[in-house]
Amino acid sequence: MTRQAALQEAARCYDSGEFIQQLSRQVAWRTASEAEDSAGVLAGFLEQEIRPALDALGFACRLVPNPVAGCGPYLLAERIEDAAGPTVLMYGHGDVIQGQDAAWQAGLSPWVLQVVGDRIYGRGTADNKGQLAVNLQALRAAIGARGGRLGFNLRFIVETAEERGSPGLNDFCRDHADALKADLFIASDGPRLNARTPTLFLGSRGIQNFELALDLRQGAHHSGNWGGLLRNPGTVLAAAIGRLVDGQGVIRTPLLRPDGIPESVRESVARLVVGGSPGDPDIDEAWGEPGLSPAERVFAWNTLEVLALECGNVKKPIGAIPPTARAVLQLRYVVGTDLAGIEARLQQYLADEGFPWVRVKATMHMAATRLDPDDPAVALAAASVARSTGRRPAILPNLGGTIPNDAFSEVLGLPTVWVPHSYPACSQHAPNEHLLGSVAREGLQIMAGLFWDLGEADAAVFAARA
Ligand SMILES: [Zn+2]
């Protein structure tokens, strides 16, 4: 009954081929949740693949329908050792995006796991079946090493509509708050900072999309006869965008800027180096908010991107003033950005700046979340990872990208610590998706060590919450 035994058993799961075996079975389930007829396969995957694995670990499991019609069910599992003891909630998703079968490298298929060198190919190996398999096998190792105990209660939720944007997840968490009650949330999804750096992330940036539109009149008018007399929607749109974000990528309106960078966030970001891995694009140094490091720009600040622009016909321009223009903009934002009523406030801002003709429509929204890097749960997890790997993990206050973490951090009010087992070049959502065997093996040990340490931590970390 030692920590070392838990880590050894976790490594054995990988070295013996048990991990690959379990993941092969999972990958063979074609759980693409966007497919029309996916309901049966999604429920089957939970019922026949995940439930037996959790049953064997002593969990009580049940399938619960998604509150949104047509979206895949949830598996809820719990393993209570001491009703008065601390409880951890974990999460994973069993659905994947479509296979894109024809686009994979010759000899590879999304639905047949294949190991080539250090790469474990297959749809879902990185997102999220492989990470789920790491956590399930690490749990088994930790429970075995402690003689059948974990030292804490554990609840597990496995979702099957994540790739559709997790419809229903917030409502589901609200409706089942009792069944999901916990002191700490731990999950694995998304990438590490880079392949070689064990990473913790504590939330994610949010998304707010906007459409800007000008519909000035019916039809185009000759630019010689009417130029100088008619307002050009392309000119106005370009200038309006320029009032929101300048030519250096700096957000100009206070409405879309964060209220600053908290000291604990600044500190945790200071050690991070972004980009520089094979295949990464070169970072533009003189782009974005002046005075911020690249890591601060992507993890601690907002960015406003032009996703699409439309005016006239660039491929076949004619000598006329177009009647309409459109743009889609996307704000990626951090906690500390007040977006309440943003559509009306942005509309007013543009009107005040001299562009009353631009109609603003707020579209897709996902919340920004972030646990304070100074939270005791972060210190515990970071120390645990360092002890298991001999390396200090990178701590991202939030991902640059966006995950539905608000269901756990806001709806359930939990401190959220994510321990990713993938890496940025894993081809997630693309052909040739893969997990790195070396990272999976290390992930197994990281999680076994973390479960072990949580079992010892009676303790400060949980008590500090209560
Ligand atoms: Zn995904």
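Residues numbered from 1 in each chain as written. Predicted model: local features only at pLDDT ≥ 70, side-chain atom pairs only at ≥ 80, totals over all residues. Heavy atoms only, no water.

### A closer look at the pattern of salt bridges
- Under the criterion given, the structure shown has 23 salt bridges.
- One salt bridge in this structure joins Arg12 and Glu9, with 2.9 Å as the shortest N-O distance. Residue Arg12 and its partner Glu9 are located together in helix 1 (residues 3–15), separated by three residues, close to a single helical turn.
- A network of salt bridges, in which partner residues are shared, links Glu9, Arg12, Glu18 and Arg140. (Salt bridge = Lys/Arg side-chain N within 4 Å of Asp/Glu carboxyl O. Helix = DSSP H or I, 4+ residues; strand = E, 2+ residues; numbered from the N terminus.)

### Things to note about the sheet that holds strand 15 (residues 359–366)
- With respect to topology, four strands assemble into an open sheet ordered 12-14-10-15, the strand pairing being antiparallel. Strand pairing shows two members of the sheet lacking a second neighbour, strand 12 (303–310) and strand 15, which therefore form its edges. With direction set aside, neighbouring strand axes in the sheet form an average angle of 20°.
- As judged from the six bridges shared by strand 10 (residues 206–215) and strand 15, these two strands associate in the antiparallel manner. Paired with Ala213 across the strands is Arg359, a residue of strand 15.
- Strand contacts of helix 10 (residues 342–352): strand 10 and strand 15, with the helix running at about 145° to strand 15, the strand carrying the most contacts. (Pairing = 2+ DSSP bridges. Axes fitted to C-alpha atoms, helices over the stretch in contact; angles between N-to-C directions. Contact = heavy atoms within 4.5 Å.)

### What about the coordination of the zinc ion?
- Looking at the metal site, the zinc ion is ligated by Asp127 (OD), Glu163 (OE), Glu163 (OE) and His429 (NE2), spaced 1.8 to 2.7 Å from it.
- Around the zinc ion, the four donor atoms are arranged such that angles at the metal cover 53 to 136°; this shape is classified as irregular.
- All donors of the zinc ion come from a single chain, and their spacing in sequence reads D-x35-E-x265-H. Placement of Asp127 in the loop between strand 5 (119–121) and helix 4 (129–145) and of His429 in the loop between strand 18 (416–418) and strand 19 (434–436) is noted, with a sequence separation of 302 residues between them.
- A residue is classified by how much of its surface remains accessible, and His429, at 38% relative accessible area, is partly exposed. (Donors = N, O, S within 2.8 Å, 3.2 Å for Na, K, Ca; no water. Tetrahedral: all angles 85-135°; square planar, octahedral: opposite > 155°, others 65-115°. Buried < 20%, exposed > 50% of the residue type's maximum accessible area, 1.4 Å probe, protein only.)

### Considering the sheet that holds strand 19
- An order of 4-5-19 is seen for the three strands of this open sheet, with the pairing classed as antiparallel. A single partner strand is all that each edge strand has here, and the edge strands are strand 4 (114–116) and strand 19. Ignoring strand direction, the axes of neighbouring strands in this sheet form an average angle of 25°.
- Strand direction decides the pairing type here: strand 5 and strand 19, joined by three bridges, are antiparallel. Note that in strand 19 the partner of Arg119 across the bridge is Leu436.

### What about a negative patch on the surface?
- Where like charges cluster on the molecular surface, the negative patch consists of Glu263, Glu267, Asp372 and Asp374.
- Relative to the helices and strands, Asp374 is located in the loop between strand 16 (369–370) and helix 11 (376–389).
- The exposure class of Asp374 is exposed, given its relative accessible area of 58%. (Patch = residues over 30% accessible without salt bridge, like charges linked within 9 Å, V, L, I, M, F, W, Y side chains within 5 Å. Areas by Shrake-Rupley, 256 points an atom, 1.4 Å probe, with all protein chains shown as cover. Lys, Arg positive; Asp, Glu negative; His and termini not counted. Charge placed at Lys NZ, Arg CZ, Asp CG, Glu CD.)

### Some thoughts on the packing of helix 3 (residues 39–56) against helix 4
- Contact pair helix 3 / helix 4: the axes reach a minimum separation of 10 Å and the direction vectors enclose 25°. When the axes of helix 3 and helix 4 are compared, the pair comes out roughly parallel. Classified by chirality, the crossing of helix 4 by helix 3 is right-handed. Seen from helix 3, the contacting residues are Phe45, Ile50, Ala53 and Leu54; seen from helix 4, they are Lys129, Leu132 and Leu136. (Parallel < 35°, antiparallel > 145°, perpendicular 65-115°, else oblique. Left-handed = near helix turned anticlockwise from the far one by under 90°.)

### Description of the environment of Gly319
- The topology assignment puts Gly319 in the loop between strand 12 and strand 13 (320–321).
- On a C-alpha basis, the gap between Gly319 and Ala220 in space is 9.3 Å, while along the polypeptide they are 99 residues apart.
- Leaving out residues up to four positions away in the same chain, Gly319 has contacts with His222 and Ser223.

### Describing the domain arrangement of the chain
- If you check the domain split of the chain, you get domain 1 (3–204 + 368–465) and domain 2 (206–257 + 302–366).
- For domain 1 versus domain 2, the distance between C-alpha centres works out to 40 Å.
- Facing 10 residues of domain 1, the contacting portion of domain 2 comprises seven residues.
- Here domain 1 packs against domain 2, burying approximately 660 Å² in sum over the two surfaces, 60% of which is carbon and sulfur.
- It is Ala368, Arg370 and Thr402 in domain 1 that bury the most area against domain 2; as a group they hold 74% of the surface buried on that side.
- Where domain 1 touches domain 2, the interface holds three residue pairs in polar contact (both at pLDDT 80 or more).
- A per-class count over the side of domain 1 that touches domain 2 returns three nonpolar, six polar and one charged. (Domains from an automatic or database assignment. Buried area = accessible area lost by both parts, 1.4 Å probe. Polar contact = N/O pair within 3.5 Å; in protein donor to acceptor, adjacent residues only side chain to side chain. Nonpolar A, V, L, I, M, F, W, Y, C, P; charged D, E, K, R; others polar.)

### Remarks on helix 3
- Here helix 3 spans 25 Å end to end across 18 residues, near enough to the 26 Å set by a 1.5 Å rise per residue.
- Of all the bends in helix 3, the greatest reaches close to 40° and is centred on Ile50; the proline Pro52 follows between one and four positions later.
- Listing the buried residues of helix 3 in full gives Leu42, Gly44, Phe45, Leu46, Glu49, Ile50 and Leu54.
- Looking at the buried positions of helix 3, the neighbouring elements they touch are helix 2 (18–28), strand 1 (60–64), strand 2 (74–79), helix 4 and strand 6 (153–159). (Expected span 1.5 Å × (residues − 1). Bend = angle between axes of the 7 residues up to and from the residue.)

### Structural notes on the packing of aromatic side chains
- Inspection of the entire model under this criterion finds nine aromatic pairs.
- A centroid spacing of 6.0 Å and a plane angle of 70° characterise the contact between Tyr91 and Trp418, whose relative ring orientation is edge-to-face. With Tyr91 in strand 3 (residues 87–93) and Trp418 in strand 18, the pair connects residues that are 327 residues apart, well separated along the chain.
- An aromatic cluster is built from Tyr91, Phe185, Phe201, Phe408 and Trp418, whose rings are joined through pairwise contacts. (Phe/Tyr/Trp six-rings, centres within 6.5 Å; stacked < 30°, edge-to-face > 60°.)

### Concerning the side chain of Ser268
- In this structure, Ser268 sits in helix 8 (residues 263–270).
- According to the relative accessible area criterion, Ser268 is buried, its value standing at 11%.
- Apart from the residues within four sequence positions on either side, Ser268 is in contact with Pro373, Ile395 and Pro397.

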